[in-house]
Amino acid sequence: MYTAAAAAAHHAYNNISRNAGNAIDTQTRSSVQELENRVEKQNLIIQTLLMLLLEKKVIHEDEFKDWMAYVDELDGVRDGRVRADKTPQTCPKCQRNNAPSAVKCQYCGEELEHDFLFRRPE
Ligand SMILES: [Zn+2]
């Protein structure tokens, strides 16, 4: 039997669910907005650098496109983007694993090599 108490509980549950949903939506919207702001700021920096390098004739557009294709393939897939490497780095000195983005070993301080940064197109 559907009692008044059950109806009140159902009503309360719906309110809580709806509010939780709104809170998540607001938080998600805020995170997305923050990411968009960061991406747009990075776009501004990249576009400024590129325009400056072209304007000053430090690089040529064709050369830039060749390099972009080369860098695109460094992660193994030519898809117009470079995926962040999520493979842990093993320290050559103490053999312990470090975060993919680590520059120095968090355990012994040994410098970690990012050899892909120094590769050049053939
Ligand atoms: Zn180490």
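Basis of the calculations
- Residues numbered from 1 in each chain as written.
- Predicted model: local features only at pLDDT ≥ 70, side-chain atom pairs only at ≥ 80, totals over all residues.
- Helix = DSSP H or I, 4+ residues; strand = E, 2+ residues; numbered from the N terminus.
- Buried ≥ 20, exposed ≤ 12 C-beta atoms within 10 Å, placed from the backbone.
- pLDDT = per-residue confidence, 0-100.

(A) Just the overall build of the chain, in detail. Scanning the chain from terminus to terminus reveals two helices and two strands. Counting over 122 residues, the chain shows a buried share of 2%.

(B) Broad picture of unusual backbone geometry. Not every positive phi belongs to a glycine, and Lys-57 is a case in point at roughly 60°. Looking at the secondary structure, you find Lys-57 in the loop between helix H1 (4-55) and helix H2 (61-72). Note on Lys-57: 7 C-beta atoms within 10 Å, which makes it exposed.

(C) Representation of the confidence of the model for the chain. Summing up the model confidence of the chain, the mean pLDDT is 83 and the portion of residues at 70 or higher is 83%. Looking across the chain, the model is least confident in H1, with a mean pLDDT of 83, and most confident in H2, with 93.

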